[in-house]
Every structure is written in structure tokens, then in C-alpha cells.
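Chains, contacts and geometry: an overview
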Amino acid sequence: KQEVTQIPAALSVPEGENLVLNCSFTDSAIYNLQWFRQDPGKGLTSLLLIQSSQREQTSGRLNASLDKSSGRSTLYIAASQPGDSATYLCAVYTSGTYKYIFGTGTRLKVLA
Amino acid sequence: DGGITQSPKYLFRKEGQNVTLSCEQNLNHDAMYWYRQDPGQGLRLIYYSQIVNDFQKGDIAEGYSVSREKKESFPLTVTSAQKNPTAFYLCASSMNPETAPLHFGNGTRLTVT
């Protein structure tokens, strides 16, 4: 059974810092991994999707990497800003299950 | 603009009553999903549908029902059999979950007293 873990559960950093959020999964038979952002009381917004054949994806100040063999992904946020404060979730779409499994998220606070 | 609309944003019901949450998408997506989000537990899959007139139970389907009569609509009914229905409910859709991103609505917060 696929399990997805995110560490740390919460993170507080000063503005301008580069930071790394971690996501690990137990079953490497995935189609893709997706990173999302969730603001309080809102739905999830897709940030980056990495196919199983890819190693990384970039969008602006965000870079996500995928190491399928070790069951790990990282989301790198460069030059963090207070507007980056949100909960970040990762999810994997596992082969043969037809569904996404989500981690419990990392709650990020960027201090001005 | 294309997107997923969930209504209402807040819903209050008395225990014992069934309630239906609306989810409409104009993205022309085949796959649609219902998730439940509780504090500290992440998102848990209730039901999913890969195509019109077909749907499957997710991990926590007990006490819920769905229908998929139209491609753009995937309503969720929370029945009185659901033991702890108070939660934040999220609807999502994807053109092809193997290759395309998952899109979410803004959620419905259901409170049952």
C-alpha cells in the first residue's frame, strides 16, 4: 500500500531564505508526482507535476526533483517571500490504482 | 475561465439529514474525484470517476454516495450513515491523471450538529 510522508510538518523561515521541502513515498511504481499549494480554507493549486521518467521540473522560483528509485522528491523554493506562506502537499499517482495518494503537508510560514 | 465550481462554500445540517454537495467542471475532464480533508490527516479519497456513468469507491466511501450522469457534474451525497461528516470536502478533476495535473475546486465546509 502506497504511503506518502512529508517532513517537516511545519517550517518557519525569514524572508529571502532558500528552503527545501521533502516528500517520500513507499512504492516506486508511480506514474507521476505532483506538488500543490493550499492556502487556508481554499482548494489546492497545482505547482509542478513530474512524470516518472523525469528527474525535475522548474517553474519560476520553484524546482521539484524526483528520485523514483529511492522514493523521494524535494520542492526547492528560492528566495522565499511572505506570499509563499501556505501548506505544501505532495501526491503520487500510483500505477494500477487509478488514484492519487497525498502526504499530510508541510505548513510554511515566511516571516517578513 | 475554465475551472471547478463547488457549492455551497459553507453548509450546515442537523444530524440525521442527508446533504448533497455540488461539483461542476467546465474543463472537459473525464476523471473526477471527491476528497475529504480533516486537520492533520491530509486528503482521503471518497469516490472517483474515470468516465461518465461509471464511478468507484475510494478509501473512505462508507456513508457517501455519488452519481456521474454528465461529464461536467459529480455530486456527492453525505448520508446519515456517515458517522463523522463534519469536514472540508474537495472536488478535483483531471484530463488524464497519468500525465496531466489534478485541478481542485475551492471546497465545501460541511458542519453537522
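The following refers to the structure shown. (Residues numbered from 1 in each chain as written. Chains lettered and ligands numbered in written order. Predicted model: local features only at pLDDT ≥ 70, side-chain atom pairs only at ≥ 80, totals over all residues. Heavy atoms only, no water.)

1. Notes on unusual backbone geometry
The omega angle of the peptide bond from A:Ile7 to A:Pro8 is 0°, so this bond is cis rather than trans. Its place among the elements puts A:Pro8 in the loop between β1 (4–7) and β2 (10–14). Along the chain, B:Ser7 connects to B:Pro8 via a cis peptide bond; the corresponding omega equals -5°. Positionally, B:Pro8 belongs in the loop between β1 (4–7) and β2 (10–13). The backbone of A:Ala79 sits at a positive phi, close to 45°, despite the residue not being glycine. Of note, A:Ala79 is situated in the loop between β8 (72–77) and β9 (86–94). The backbone phi angle of B:Asn53 is positive, close to 65°, even though this residue is not glycine. The topology assignment puts B:Asn53 in the loop between β5 (42–51) and β6 (54–57). For B:Asn53, a relative accessible area of 61% translates into the label exposed. (Helix = DSSP H or I, 4+ residues; strand = E, 2+ residues; numbered from the N terminus. Buried < 20%, exposed > 50% of the residue type's maximum accessible area, 1.4 Å probe, protein only.)

2. Some remarks on the interface of chain A and chain B
Where interface size is quoted, it is often the accessible area lost as the parts come together. Between chain A and chain B, the residue contacts involve 22 residues of the former and 23 residues of the latter. Summed over both sides, the interface of chain A with chain B buries roughly 1,800 Å², with 54% coming from carbon and sulfur. For the pair chain A and chain B, the interface holds one salt bridge. Across the chain A-chain B interface, the total number found is seven residue pairs in polar contact (both at pLDDT 80 or more). Every element with two or more residues in the side of chain A that touches chain B is listed here: β4 (30–38), β5 (44–51), β9 and β10 (100–102) of chain A. The dominant element in the side of chain A that touches chain B, judged by the number of residues it contributes, is β4(A), at five residues. By residue class, the composition of the side of chain A that touches chain B is 10 nonpolar, 10 polar and two charged. (Contact = heavy atoms within 4.5 Å. Buried area = accessible area lost by both parts, 1.4 Å probe. Salt bridge = Lys/Arg side-chain N within 4 Å of Asp/Glu carboxyl O. Polar contact = N/O pair within 3.5 Å; in protein donor to acceptor, adjacent residues only side chain to side chain. Nonpolar A, V, L, I, M, F, W, Y, C, P; charged D, E, K, R; others polar.)

3. Here's the deal with the sheet that holds strand β3 (residues 19–25) of chain A
Residue and element names in this part refer to chain A. Sheet architecture is open: five strands sit in the order β1-β3-β8-β7-β6, paired in antiparallel fashion. Each of the sheet's edge strands pairs with one partner strand only, and the pair in question is β1 and β6 (56–59). Adjacent strand axes in the sheet meet at a mean angle of 15°, parallel and antiparallel pairs treated alike. Sheet analysis places β3 next to β8, joined by six bridges and oriented antiparallel. (Pairing = 2+ DSSP bridges. Axes fitted to C-alpha atoms, helices over the stretch in contact; angles between N-to-C directions.)

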